[in-house]
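# Architecture at a glance
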Amino acid sequence: MLRDELERIKYLIEKFGLTLYEGNGNNAETLKWCHSAVTNGFREIRAAWKTAAFSNKSDYSLKRYFHFHLEGIRDILDTLPCLPDICGTGTLVKTELIALIDYHLQYFGPYFNFDAAAPVTYTQLHGKRICGLLCEVKSKLQKSTLPQLLKDCLFSYFDQMDLTNVNAKYTFRSLFYFENILAELNYLCFETTSSCLTNAIDDKLSELNFNHLSYFCYRRQSITARLNGQSEQEQLQLLHDEAALFKLSPESSLIYDQRWPPLNVMLTGWVSEKIAATQQAILQEKLDAKTIPPYKLALNLSVAHLACLLKLFFEENLLNTSSLSDIFRFISRHYRTKRQEIISPGSLSKEFYSTSQVTAAVVRDMLLKMVARINHNFFPVLAAIGAITCVYPEIR
């Protein structure tokens, strides 16, 4: 029985440990017996596993069988530090136990409990195995021109997976996922352009189902940045395209955190909310267009110049509101320009986010004329000095 196999290993470890403590550790025959007993014990466990796997037991029974065994191995490994390491005896036991875990994973993977806590010894050994890979990926990311928010997200995850911390607990799934994500990132070409590299990493992290909360926030911000400066119809089309891409993404058996929904599900939910909000804004815009007030104040400005002035007012906190949508709707309902009787909030928003240098120059001239008029009407002495300085530039 499985329980008998585990108890036998524990018994053998305790027996030769006691023998070593009693002062017989330097006895060649004692050490030989200890090594032979431990090696045979682990050989018997492998044989028992093979017998169980080829038996007529149900998958449910086999899963319980192997899960119990894996938990027993972890328990033994985590209590081994009290064992005297005389002539490499303690190291032999640790090596055999870790090799047993790898054997279990390689040949009996369907019954491996990936969500079980990994022994501290196994975690540290795994950290040493991937240390070089981690350093290489970190170096590539540090030298790259990726968005800083994406870099911060990945480095935060790397710091979180500190496999040298003996007080931290990791599951086998988190260890193998960490190694997998490092290998996939290292395989990418970092010598390409920033946008291509960013897209490649986003595709790879989506494929690996990296549903880390900070990465989810980064993806939301990157999509939101692409929406800025677009009309509401263009925003709606872009959001529909993103939703279609998320739905077409293949399902992955990998996942960073099983407690959270898959990454594509999280992004699809957020995009769906944005689509609903945008559709509501477009509908409201159409309703507003049908209820145009009888009189609109005419401005001797273009939509671009009006948007630039609005931007200045907003950035200088002259408008007592933080909602640009409300501002755009109010201006479109109550003002008209010299060329457009009807100003849509979408066109005003587009000009607001894409002010050109030419537009800014025209608005600057308007403001300078206003300053000159203020000086002339309220500060005549300063205006006179300015006029004299212009006529006689040699006067200082």
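First things first, this report covers the structure right here in the doc. (Residues numbered from 1 in each chain as written. Predicted model: local features only at pLDDT ≥ 70, side-chain atom pairs only at ≥ 80, totals over all residues. Heavy atoms only, no water.)

### With respect to the packing of helix H6 (residues 131-143) against helix H7 (residues 148-160)
- At their nearest, the axes of H6 and H7 sit 11 Å apart, and the two run at 160 degrees to each other. Considering the angle they form, H6 stands roughly antiparallel to H7. Like other packed secondary-structure pairs, H6 and H7 cross with a definite hand, here left-handed. Along the contact surface, H6 presents Leu 134, Val 137, Lys 138, Leu 141 and Gln 142, while H7 presents Lys 151, Leu 154, Phe 155, Phe 158 and Asp 159.
- Its residues assigned to classes, the contact of H6 with H7 shows six nonpolar, one polar and three charged. (Axes fitted to C-alpha atoms, helices over the stretch in contact; angles between N-to-C directions. Helix = DSSP H or I, 4+ residues; strand = E, 2+ residues; numbered from the N terminus. Parallel < 35°, antiparallel > 145°, perpendicular 65-115°, else oblique. Left-handed = near helix turned anticlockwise from the far one by under 90°. Contact = heavy atoms within 4.5 Å. Nonpolar A, V, L, I, M, F, W, Y, C, P; charged D, E, K, R; others polar.)

### Some details on the nonpolar core
- Counting residues in hydrophobic clusters, the biggest one holds 73 residues, and the most contacted among them are Phe 158, Phe 178, Ile 181 and Phe 210.
- Per-element tally for this core: the top contributor is helix H8 (residues 172-187), with eight residues.
- When sequence neighbours within four positions are dropped, the list of residues in contact with Ile 181 reads Tyr 157, Leu 205, Leu 208 and Phe 210.
- Counting residues in hydrophobic clusters, the runner-up holds 16 residues, among them Leu 299, Leu 306, Leu 309 and Leu 310. (Core = buried A, V, L, I, M, F, W, Y, C linked by side-chain atoms within 4.5 Å. Buried < 20%, exposed > 50% of the residue type's maximum accessible area, 1.4 Å probe, protein only.)

### Focus on a nonpolar patch on the surface
- Together, Leu 312, Phe 313, Leu 318, Leu 367 and Met 370 give the surface a local cluster of nonpolar side chains, amounting to about 450 Å² of exposed area.
- Contributions of two or more residues to the nonpolar patch are made by helix H13 (303-315) and helix H16 (357-378).
- Within the secondary structure, Leu 318 sits in the loop between H13 and helix H14 (324-334). (Patch = residues over 30% accessible without salt bridge, like charges linked within 9 Å, V, L, I, M, F, W, Y side chains within 5 Å. Areas by Shrake-Rupley, 256 points an atom, 1.4 Å probe, with all protein chains shown as cover. Salt bridge = Lys/Arg side-chain N within 4 Å of Asp/Glu carboxyl O.)

### Section: the environment of Pro 262
- Topologically, Pro 262 is positioned in the loop between helix H11 (232-248) and helix H12 (263-290).
- When its relative accessible area of 34% is taken as the criterion, Pro 262 is described as partly exposed.
- With 51 residues separating them in the primary sequence, Pro 262 and Asn 211 have C-alpha atoms 6.1 Å apart.
- For Pro 262, the residues in contact, after removing those within four places along its chain, are Asn 209, Asn 211 and Ile 255.

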